[in-house]
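Okay, here's what each chain looks like letter by letter:
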Amino acid sequence: MQPTSSRSVTETVNGSHRFVIQGYSLSKGIGIGKYIASDDFTVGGFQWSIYFYPDGKNQEDNSTYISVFIALASEGTDVRALFELTLVDQSGKGKHKVHSHFDRSLESGPYTLKYRGSMWGYKRFYRRQMLETSDYLKDDCLKINCTVGVVVSAVDCSRLHSIQVPESDIGSHFSMLLDNTEAADIIFNVAGEKFHAHKLVLAARSPVFHSQFFGPEGVDLNHDHEIVVADTEPKVFKSLLHFIYRDAVMEDDSPCESSTFTCISDTLTAKLLSAADTYDLSRLRSICEPHLCKHISVNSLGRALALAHKYHAIQLKAVCLRFASQNLVAVMRSDGFEYLKEKYPKLQSEILKMVAGCEDECSSGGGAKSRSVCGQLSDGGDANGRRIRQRT
């Protein structure tokens, strides 16, 4: 099965899972509406689970059919996905029972699961009497394959940016200085943790350190003078020194894969972006920006845009504004948009200006897409003018 994509850049991240049900005969009689769940599996950053109802899901069917559903097993809001459920033919003939809508036109819209526990599937998946005499049941065992295709976004954010990271300009021998305190002539006290460093190296890399150590208004520091650094975590300052000496960043020990409303601003990368702004380290800022771009989503957009604005991350801000203009309706319904309304109302205005610019561009380009944003606001369509069918 090929990944679903379209010229409008709507794409899916696909993954599959096999649910093996041993002892089918023992599962019968557990009751209508009661299910056996598979282990959770991950596709597209979300957890999923297969629910098998041996006595069916609906009372009115009186256990005539088995029911099979796929459920969103992790936290999520309006998760759009395509699904396929397959009852495996165990005779080797390949006559599988397949229920799929991967071949459906994307104009009809993927299914939308609105929250954790939302399900898609079939109440009348297969007649139980026929199942028990079929090649799908072998040695009292059933096998169900499930494929999930999670829609990445209305517009794939990776297509919206192309940020080039400059080549390293620090020699490899400088990396040894950070671990060698013998020639260090400055000490930083960060929340009680001591970091030894070299004023010349810091000044060469950061205009702020240069001004502090050697500028006309700089502080007169003796050898081994200790500077207390406030409002910075030790791990962030350690990563800052790591970059200054090695021209590379340390990987976040607790990466933000979920891209939630609050998480993106708590990542090590976001805190390094703040440090880059404080010490005027433009290359460090350029390294942080594309990493944060990877975590832009509808829910994280507000915090990401605020970070970009606060710490003068021009490239990150441009990507955020373009993403917001292409996913306007979903962004306006997010907690992040409320955060902007409360803390950075001017950024909301910038989003609307960006949208207006997109509308003008679309109108001058032939008018076929000039309703892209208006269509979203008026009829619940997505950023490409398609109506999104809400299903759970």
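Right above here is the structure, for reference.
About the thresholds
- Residues numbered from 1 in each chain as written.
- Predicted model: local features only at pLDDT ≥ 70, side-chain atom pairs only at ≥ 80, totals over all residues.
- Heavy atoms only, no water.
- Helix = DSSP H or I, 4+ residues; strand = E, 2+ residues; numbered from the N terminus.
- Expected span 1.5 Å × (residues − 1).
- Buried < 20%, exposed > 50% of the residue type's maximum accessible area, 1.4 Å probe, protein only.
- Contact = heavy atoms within 4.5 Å.
- Phe/Tyr/Trp six-rings, centres within 6.5 Å; stacked < 30°, edge-to-face > 60°.
- Lys NZ or Arg CZ within 6 Å of the ring centre and 35° of its normal.
- Salt bridge = Lys/Arg side-chain N within 4 Å of Asp/Glu carboxyl O.

> Is there a simple way to think about helix H8 (residues 282–293) in this case?
Counting along an α-helix, one turn takes 3.6 residues, and residues three or four places apart therefore face a common direction. Between the first and last C-alpha of H8 there are 17 Å, a value that for 12 residues agrees with the 16 Å anticipated at 1.5 Å per step. Taken as a whole, H8 has its buried residues at Arg283, Leu284, Arg285, Ser286, Ile287, Cys288, Glu289, Pro290, Leu292 and Cys293. Summarising the contacts, the buried residues of H8 are in contact with helix H6 (234–246), helix H7 (268–278) and helix H10 (314–326).

> Could you clarify how one ought to interpret the packing of aromatic side chains in this entry?
Here the distance between the centres and the angle between the planes together describe a pair of aromatic rings. Taken as a whole and assessed by the stated rule, the structure comprises 17 aromatic pairs. An aromatic cluster of at least three residues, connected via ring pairs, comprises Phe188, Phe195, Phe209, Phe213, Phe214, Phe237 and Tyr279. Residue placement shows Arg205 over the ring face of Phe243; its charged tip is 4.9 Å from the ring centre. Note that Arg303 overlies the ring of Tyr339, its terminal NZ or CZ placed 3.9 Å from the centroid.

> Would you mind showing me how to read the environment of Ala318 here?
Within the fold, Ala318 resides in helix H10. It is 8.8 Å that separates the C-alpha atoms of Ala318 and Ala308, two residues lying 10 residues apart in sequence.

> Sorry, what's going on with H6 here?
Between its first and last C-alpha, H6 extends 18 Å over 13 residues, near the 18 Å set by a 1.5 Å rise per residue. Among all positions of H6, only Val236, Phe237, Ser239, Leu240, Leu241, His242, Phe243, Ile244 and Tyr245 are buried. In the stretch just after H6, Asp247 is the one whose phi turns positive, near 60°.

> Any chance you could explain the pattern of salt bridges here in plain terms?
Where charged atoms from two side chains of opposite charge approach closely, those side chains can pair. Under the counting rule described, the total for this entry stands at 13 salt bridges. For Lys28, the salt bridge identified is with Glu132, shortest N-O distance 3.1 Å. Residue Lys28 is located in the loop between helix H1 (24–27) and strand S2 (36–37), and its partner Glu132 is located in the loop between helix H2 (128–131) and strand S10 (141–151); the two are separated by 104 residues in the primary sequence. A relative accessible area of 32% means that Glu132 is categorised as partly exposed.

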